[in-house]
Amino acid sequence: MATAASPLSTTTLGAANGTSLASPGIHPPVRSICCIGAGYVGGPTCSIIAARCPHIDVTIVDINPARIAAWNSDPDPLTGDLTGLPVFEPGLSDIVKECRGRNLFFSTDVDEAIRKADLVFVSVNTPTKKSGVGAGYAADLHYVESSTRRIAQVATSSKIIVEKSTVPCRTASSMRVILESNSRPGIHFDILSNPEFLAEGTAMRDLQAPDRVLIGSLDTESGQCAADRLSEVYENWVPAERIYMTGLWSSELSKLAANALLAQRISSINSLAAICESTGASIHEVAHACGLDRRIGPQFLQASVGFGGSCFQKDILNLVYLSESLGLTPVANYWKQVIEMNEWSKNRFAHKVVQTLFNTITGKKVAVLGFSFKDNTGDTRESPAITVCRFFRRELARVSIYDPKVPEAQIHADLVDREHDATGVVAPQGTNNVTVCSSALEACKDAEAVVVLSPWREFRCENLDWGHIYENMSKPAFVFDGRAMLDAEKLKKIGFKVHAVGTGPEKTDAWL
Ligand SMILES: NC(=O)c1ccc[n+]([C@@H]2O[C@H](COP(=O)([O-])OP(=O)(O)OC[C@H]3O[C@@H](n4cnc5c(N)ncnc54)[C@H](O)[C@@H]3O)[C@@H](O)[C@H]2O)c1
Ligand SMILES: O=c1ccn([C@@H]2O[C@H](COP(=O)(O)OP(=O)(O)O[C@H]3O[C@H](CO)[C@@H](O)[C@H](O)[C@H]3O)[C@@H](O)[C@H]2O)c(=O)[nH]1
């Protein structure tokens, strides 16, 4: 969907069609919400709305029947937990259990849910385009467009339409054109931008106590009215001073900007981690020292193998595309570097493993702990583990993987080979040299090296029997800590040779 440059006006169709409108632009208080897209955002976000607003009916719809069936799955007969939900998120199961069937519904009947809603969240996926104009950079907006067309076609009453998906700046303008061209006479729509800032693994906490809720609207009477109605929904649990009202385009751009700034911090700290590894400086100390400056702050300075997740890379690429489209090539290049640094970090780490294991891992067993892109999630989208494990496979290692939440089939799906990878290297076919294990101990048995790739608490020295792991490994036994999270001194005392991101030669050596 193109983002038209025309100024956005309120979408009031009846007037253009000669139909009289009773009270154009005056939206009643929200009593019924439809959320299109039952994914990582739509599911948790609207479950919280249902929990905090028992007077509002919330229906989450999706075109994927398997996903809806999973949201409607029965509790585990022994624990009572909803273990079959399609999204693992701490605290989510309890909220869904509390609200499902009361004022929270999951359905494939998209049309019916749209028809009865006062407010519709569009929370569908917006991946990076794989082909055509802007391939590799621009957001693929066809899911947003088809949802918008559906709303236009089936709505029989006026509605507030809310962009929840992360979209390029000025997408609301395209949505308006689609709504205007396809809806019935006399129907009035206002489009709002309300980007979501939750992080996976902490989504429920982020949603219950957000730093801010951003609502972008047009500066018209009906636009403001729509924004007030959405704000009233959030005010059931979010303090009014945390709800920030902006213009539509600022809101859309702020989402891309926030992710770009967050990712930039990680690429920055990872670039410094590389310097630490060669100098004997410690990235923990450098990050702490810098973070003590209130202008910098301590958050998001954790050095790592690289950042992953479905958002950072995609949203920065989107920003790069926007900048290029506006003729702002230096701006595009500036943000592109954040991604290039991330790619370099992942590859640098993988190379370090091979180099340390005497320059070959052919036939060696390498244990990987953690496959998700971060802890407390089963999501593997853009996980650095995918890049690193693919690298190991190309080096013909035997890779045994344990992750507390990622299903075995997902790991195989992520690692299954294409004929050629991006560098033109042909990888072995299938995933024969990959074993998915059901515990860390099993994955590490007889391994030459343990590589920690996501920061699950259970891998920490106080939670995992590293002594037992050591006894059952080939010697010398190596640990590569891609999250700089383990107590290296403890591991060294056990006998491991330890390499952690951002820690280089022994400090004493560095003086020599
Ligand atoms: N995952 C996150 O942590 C996160 C956080 C903030 C913002 N976002 C943004 O939110 C949006 C959704 O992300 P997600 O992770 O929930 O994606 P997701 O892939 O988990 O879920 C999207 C869902 O939308 C459904 N869908 C697509 N087209 C549809 C249609 N026409 N009708 C009904 N359902 C349809 C898909 O079947 C899918 O289940 C994206 O724009 C993303 O960038 C994601
Ligand atoms: O100091 C840090 C912080 C994070 N990470 C990594 O960065 C990636 C992203 O982490 P995080 O931002 O916590 O998770 P996401 O779920 O991707 O959340 C980001 O992306 C979402 C989708 O747009 C936004 O809503 C959130 O605000 C934004 O934090 C993960 O691989 C983390 O391990 C680091 O390496 N070092």
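Our subject in this report is the structure included herewith. (Residues numbered from 1 in each chain as written. Chains lettered and ligands numbered in written order. Predicted model: local features only at pLDDT ≥ 70, side-chain atom pairs only at ≥ 80, totals over all residues. Heavy atoms only, no water.)

## Here we look at the site of ligand 1
- Not every one of the 26 residues close to ligand 1 is listed here, only the nearest: Val41, Asp62, Arg67, Thr126 and Lys314.
- Val41 is positioned such that a nitrogen or oxygen atom in its backbone is 2.9 Å from an oxygen atom of ligand 1.
- Within the backbone of Thr166, one N or O atom sits 2.9 Å away from an oxygen atom of ligand 1.
- In the complex, 92% of the free accessible area of ligand 1, which totals 830 Å², lies under the protein chains.
- Here the shell around ligand 1 is composed, by residue class, of eight nonpolar, 11 polar and seven charged. (Near = heavy atom within 4 Å. Polar contact = N/O pair within 3.5 Å; in protein donor to acceptor, adjacent residues only side chain to side chain. Areas by Shrake-Rupley, 256 points an atom, 1.4 Å probe, with all protein chains shown as cover. Nonpolar A, V, L, I, M, F, W, Y, C, P; charged D, E, K, R; others polar.)

## Side note on empty space enclosed by the protein
- Under the definition given, this model contains three cavities of 30 Å³ or more.
- Computed from the structure, the largest cavity encloses a volume of approximately 100 Å³.
- Looking at the largest cavity, the residues that line it are Glu277, Ser304, Val305, Ser345, Arg348, Phe349, Lys352, Phe480, His499, Ala500 and Val501.
- Elements that contribute at least two residues to the lining of the largest cavity include exactly helix H13 (329–356) and strand E15 (497–500).
- Here the lining of the largest cavity gets four residues from one element, more than from any other, and that element is H13.
- Within the lining of the largest cavity, the residues separate by chemical class into five nonpolar, three polar and three charged. (1 Å grid on protein atoms, 1.4 Å probe; cavity = no way out; pocket = protein on both sides within 12 Å on 5 of 7 lines; lining within 4 Å. Points joined across faces, edges and corners; volume = space filled by probe spheres on them. Helix = DSSP H or I, 4+ residues; strand = E, 2+ residues; numbered from the N terminus.)

## Quick notes on the sheet that holds strand E11 (residues 398–402)
- In spatial order, the strands read E12-E11-E10-E13-E14-E15; together these six strands make up an open sheet with parallel pairing. A single partner strand is all that each edge strand has here, and the edge strands are strand E12 (434–436) and E15. Sheet twist, expressed as the average angle between the axes of neighbouring strands with direction ignored, equals 20°.
- As paired elements, strand E10 (residues 365–369) and E11 share five bridges and run parallel to each other. (Pairing = 2+ DSSP bridges. Axes fitted to C-alpha atoms, helices over the stretch in contact; angles between N-to-C directions.)

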